[in-house]
Amino acid sequence: MTFTAADCERCRRDFPSLARTFNGRPIAYLDGPAGTQVPEPVIEAMSDYYRTANANTHGEFPVSRDTDRLLHETRVAAAAFLGSPDWRSVSFGQNMTTLTYSLSYAVARALEPGDEVVITQIDHEANRGPWLNLPERGIVVREAALRPDGRLDLDDLARQITKRTRLVALNLASNALGTVNLEAAALARRLSKEVGAWLFLDAVHYAAHFPVDVVALDADFLLCSAYKFYGPHVGLLYTRPGLLEALRVDRLRTQEEEAPWRIETGTLNHAALVGVKATIEYLASWGTGATLRERIVSAMEGIAGYEHGLGVYYYENMGRIPGAAVQGPDFSGVRAPTVSITIEGVRPIDAARALGERGVQVWDGHFYALRPIEALGLAERGGVLRAGIVMYNTREEIDRLLEGVEALASQ
Ligand SMILES: Cc1ncc(COP(=O)(O)O)c(C=O)c1O
């Protein structure tokens, strides 16, 4: 299924916040990697929950049973979104970072002093910080290097995985550079399997742009966050069936012991979870196919093609602006439509502020992906200026961004 500029115009009508203006011009939301806008059916589903089904779970009365049913339906939809055949593999949490901390405590209990965990220089701190606490328990953390072109050094990644490796933590796409790490993930999978290590994939940025397939990735853990793909602020965790039960997670004795509930501490954000189901259905409505999974994959492939086209347009035109430089890989292969630049003589924070005044929302800095920004030597310069393209962005918005960057570069 293709997703065209006309489809984009059509989808824009579904996002009420896109009608907002600043200084008489529509706002260009190019800040999607930090959180996307939310379409009306998702807002409606969340308000509807409060209007009609708001109760705690597992009660012996109809409204509670409605909540149980709705949360179960979200789990089934989320399993389809992640390509998992088993809804029991999907747990919910506050966000990816909090889920990762919870898992890191449980993983630490399963490891012995001298065991090793591999992290990378391309990862967001959410997939580094929790693992970097493990040396307190005698666990060794090793780090795979980033190359100056914004791609992981695969030889170094292979070197870091040893007989003592018990877990490899890696993102599938970088929220700072747009790099897609499928090749690295496949290598990490092969090598980690040989030594009996778990593969822990951060799909937060990836899942916003590409269909996720936990089976093809052969992931032990995979996490993403619905607010990056047009949904509310909820974290999703896939765990390989059987694995969560084997981990000593922090849980109350009153809490369910089985997966997927085992790691879900306290009362969840029910309304937001109901919104996650509506989000997945909204995305799927742009695809074709007999099953929800088929429609999700078809829609996301179409949207990815559209986003890639706009990304190439931005990348190529940016290359013509003297003083502007893209930080990260080119568009010759698979790449997320998230493009970071530096402008000679202009600090990213000043550029973002100036663009903000033009109603163009882009982020400056490191976006919590501090390590890749440090590794590229950009931290002292204030990081980069990041534009993220999603399904509702238009060519006209990219033109406005390019005009703004050109004005800044020629100052
Ligand atoms: C690649 C990546 N990983 C992890 C995170 C953290 O996600 P959350 O906000 O759900 O904790 C982000 C958020 O920006 C991200 O982009």
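Computed from a predicted model, the values in this text were never measured in an experiment.

1. Observations concerning the site of the ligand
Around the ligand, the surrounding shell consists of Asn95, Met96, Thr97, His124, Ala126, Asn175, Asp202, Val204, Ser225, Tyr227 and Lys228. Between the ligand and Thr97, the relevant distance is 2.5 Å, taken from an oxygen atom to a side-chain nitrogen or oxygen of the residue. Here Asp202 contributes a side-chain N or O atom positioned 2.6 Å from a nitrogen atom of the ligand. Starting from 390 Å² of accessible surface for the ligand in isolation, the protein chains cover 92%. In terms of residue class, the shell around the ligand is made up of four nonpolar, five polar and two charged.

2. Quick word on empty space enclosed by the protein
Counted according to the given criterion, the structure contains one cavity of 30 Å³ or more. Here the largest cavity defines a volume of roughly 30 Å³. Lining the largest cavity are Gly32, Pro33, His205, Ala208, His209, Lys228, Thr338, Ile389 and Val390. Classifying every residue of the lining of the largest cavity by side-chain character gives four nonpolar, four polar and one charged.

3. A word on the nonpolar core
Core analysis: the biggest nonpolar cluster contains 105 residues, and Phe81, Leu222, Phe229 and Met391 have the highest contact counts within it. The dominant element in this core, judged by the number of residues it contributes, is helix H11 (residues 292-318), at ten residues. Membership of the second largest hydrophobic core comes to 26 residues, among which are Val117, Leu247, Ala259 and Ile263.

4. A word on the packing of helix H3 (residues 62-82) against H11
Axes are the key here: two packed helices are described by the angle between their axes and the distance separating the axes. It is the contact of H3 with H11, at a shortest axis distance of 8 Å, that shows an interaxial angle of 50°. Taken together, H3 and H11 sit at an angle that is classed as oblique. Of the two possible hands of crossing, H3 and H11 adopt the one that is right-handed. Here Ala77, Ala80, Phe81 and Leu82 of H3 come into contact with H11, specifically with Leu292, Arg293, Ile296 and Met300. Looking at the contact of H3 with H11, its residues break down into seven nonpolar, no polar and one charged.

5. Some details on the sheet that holds strand S15 (residues 384-388)
The strands making up a sheet associate through hydrogen bonds between their backbones, and the pairing can be parallel or antiparallel. Here four strands make up an open sheet; going across it, the order is S11-S12-S15-S14 and the pairing antiparallel. Of all the strands in the sheet, just strand S11 (324-327) and strand S14 (363-365) have a single pairing partner and so form its edges. Between one strand axis and the next, the sheet turns by 35° as a mean value, whatever way the strands run. Summarising the sheet, S14 and S15 pair through three bridges and their orientation is antiparallel. Counterpart to Trp363 in the pairing with S15 is Arg386. Most of the contacts of helix H12 (residues 348-357) go to S15, to which it runs at about 40°, and overall it touches strand S12 (338-343), S14 and S15.

6. So, the packing of aromatic side chains
The full count for this structure, using the stated rule, is 16 aromatic pairs. Centroid distance Tyr230 to Tyr392: 6.0 Å. Interplanar angle 70°. Geometry classified as edge-to-face. With Tyr230 in the loop between strand S9 (221-225) and strand S10 (235-239) and Tyr392 in the loop between S15 and helix H14 (395-409), this residue pair connects regions lying 162 residues apart in the sequence. A relative accessible area of 0% means that Tyr392 is categorised as buried. Through pairs of rings, three or more aromatic residues link up here, namely Phe3, Phe15, Tyr230, Tyr282, Trp286, Tyr306 and Tyr392.

So, how was this worked out
Residues numbered from 1 in each chain as written. Predicted model: local features only at pLDDT ≥ 70, side-chain atom pairs only at ≥ 80, totals over all residues. Heavy atoms only, no water. Near = heavy atom within 4 Å. Polar contact = N/O pair within 3.5 Å; in protein donor to acceptor, adjacent residues only side chain to side chain. Areas by Shrake-Rupley, 256 points an atom, 1.4 Å probe, with all protein chains shown as cover. Nonpolar A, V, L, I, M, F, W, Y, C, P; charged D, E, K, R; others polar. 1 Å grid on protein atoms, 1.4 Å probe; cavity = no way out; pocket = protein on both sides within 12 Å on 5 of 7 lines; lining within 4 Å. Points joined across faces, edges and corners; volume = space filled by probe spheres on them. Core = buried A, V, L, I, M, F, W, Y, C linked by side-chain atoms within 4.5 Å. Buried < 20%, exposed > 50% of the residue type's maximum accessible area, 1.4 Å probe, protein only. Helix = DSSP H or I, 4+ residues; strand = E, 2+ residues; numbered from the N terminus. Axes fitted to C-alpha atoms, helices over the stretch in contact; angles between N-to-C directions. Parallel < 35°, antiparallel > 145°, perpendicular 65-115°, else oblique. Left-handed = near helix turned anticlockwise from the far one by under 90°. Contact = heavy atoms within 4.5 Å. Pairing = 2+ DSSP bridges. Phe/Tyr/Trp six-rings, centres within 6.5 Å; stacked < 30°, edge-to-face > 60°.

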